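Here is how the chains run, residue by residue.
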Amino acid sequence: MQALYTRTHRIVFTLIVRITNNREIAEELMGDVFREVWRGAPEYDPAGGSVVGWIMNQARSRAIDWLRIAPEKSQESVVSAPHGPLESEWEEVAPGISCNLLATDAEKDRVSMLVRLAPGAAYPPHRHAGIEELYLLDGELMIDDKTLHPGDYNRALPGTGDQHVWSETGCTCVLLTSTRDVLR
């Protein structure tokens with residue numbers, strides 16, 4: 001459990017704080033998520049997706065549930081999180097595209113990272129070598145004929161590809177993908 005927490009806590013926290021816009025609540029909800037992961041581990045089914053995806057879906061659900069009840073709480077209890085990256089080590093990898101590497105699994109050829117596209121930026125066409133999971137944190141992202149909004153999840157299977165990925169508004173997402181994806 002400690003290794004799983006160490007590997008995923010930053011992206012779980014980032015997702016929750018982006019949805020709730022509240023660091024204190026994000027810390028509390030993150031604790032709830034990992035307690036539920038511990039209790040629900042026997043029910044995890046790898047056929048349904050990666051363990052990181054399973055945890056991220058639980059985090060997203062917790063944060064959205066909190067938002068549903070937040071209006072009932074006093075406004076004084078809400079402390080806004082600053083907008084922008086958390087504990088950032090961003091690297092510009094292409095014009096208008098920056099990445100913040102969160103974790104690498106060399107054995108499975110997988111990486112998890114935060115990816116930020118500047119307004120009007122496009123990601124090159126590519127083919128997925130493994131399962132790709134994307135969680136949009138802010139902005140809008142278009143993937144071929146789909147438009148993703150904050151909190152949306154997109155999963156792509158190995159062998160599939162994306163021809164046109166771009167953001168008119170700019171966006172930030174959590175991306176879990178193969179290191180062997182092929183850019184075209």
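Above this text you will find the structure in question.
Report follows, based on the coordinates. As the structure is a prediction and not an experimental result, all values here were calculated from the model. (Residues numbered from 1 in each chain as written. Predicted model: local features only at pLDDT ≥ 70, side-chain atom pairs only at ≥ 80, totals over all residues. Heavy atoms only, no water.)

**Overview of the state of the cysteines**
As a reminder of what qualifies: The disulfide criterion is simple: two cysteine sulfur atoms within 2.5 Å. The classification of residues rests on relative accessible area computed with a 1.4 Å probe and restricted to protein chains. Under 20% of the type maximum is buried, over 50% is exposed, and intermediate values are partly exposed.
Counted according to the given criterion, the structure contains zero disulfides. Residue C99 stays outside any disulfide, its sulfur separated by 8.4 Å from that of C173, the closest cysteine. C99 gets classed as buried once you look at its relative accessible area, which sits at 15%. C171 supplies the cysteine sulfur nearest to C173, a cysteine that is in no disulfide, at a spacing of 5.6 Å.

**Observations regarding unusual backbone geometry**
Test applied: We count a stretch as a helix when DSSP gives it H or I for four or more residues in a row; a strand needs E for two or more, and each element gets its number in order from the N terminus.
Despite not being glycine, N21 has its phi angle at roughly 60°, a positive value. Phi at D109 is positive, roughly 55°, even though this residue is not glycine. Here D109 shows up in the loop between β2 (97-105) and β3 (110-117).

**With respect to the sheet that holds strand β10 (residues 161-162)**
The line we're drawing: One bridge is not enough; two strands pair if DSSP finds at least two bridges between them.
With antiparallel pairing, three strands are arranged side by side in an open sheet as β10-β5-β13. Each having just a single partner strand, β10 and β13 (182-183) make up the two edges of the open sheet. Where strand β5 (residues 126-127) meets β13, two bridges bridge the pair, whose relative direction is antiparallel. Considered in β13, the bridge of R127 is made with V182.

**Here's the deal with the pattern of salt bridges**
Selection criterion: By salt bridge we mean one thing: a side-chain nitrogen of Lys or Arg within 4 Å of a carboxyl oxygen of Asp or Glu.
Tallied over the entire structure, the rule returns six salt bridges. Taking the shortest distance from any N to any O, the salt bridge between D65 and R68 comes out at 2.9 Å. With D65 and R68 both in helix α3 (residues 51-69), this residue pair falls three residues apart, about one helical turn. Judged by relative accessible area, which is 41%, D65 ranks as partly exposed. Residue D109 pairs with R180 through a salt bridge whose shortest N-O separation is 2.8 Å. Of this pair, D109 sits in the loop between β2 and β3 while R180 sits in the loop between β12 (171-178) and β13; the two residues are 71 residues apart in sequence, bridging distant segments of the chain. The exposure class assigned to D109 is partly exposed, which follows from its relative accessible area of 23%. Residues joined in a network through salt bridges with shared partners are D32, R35 and R62.

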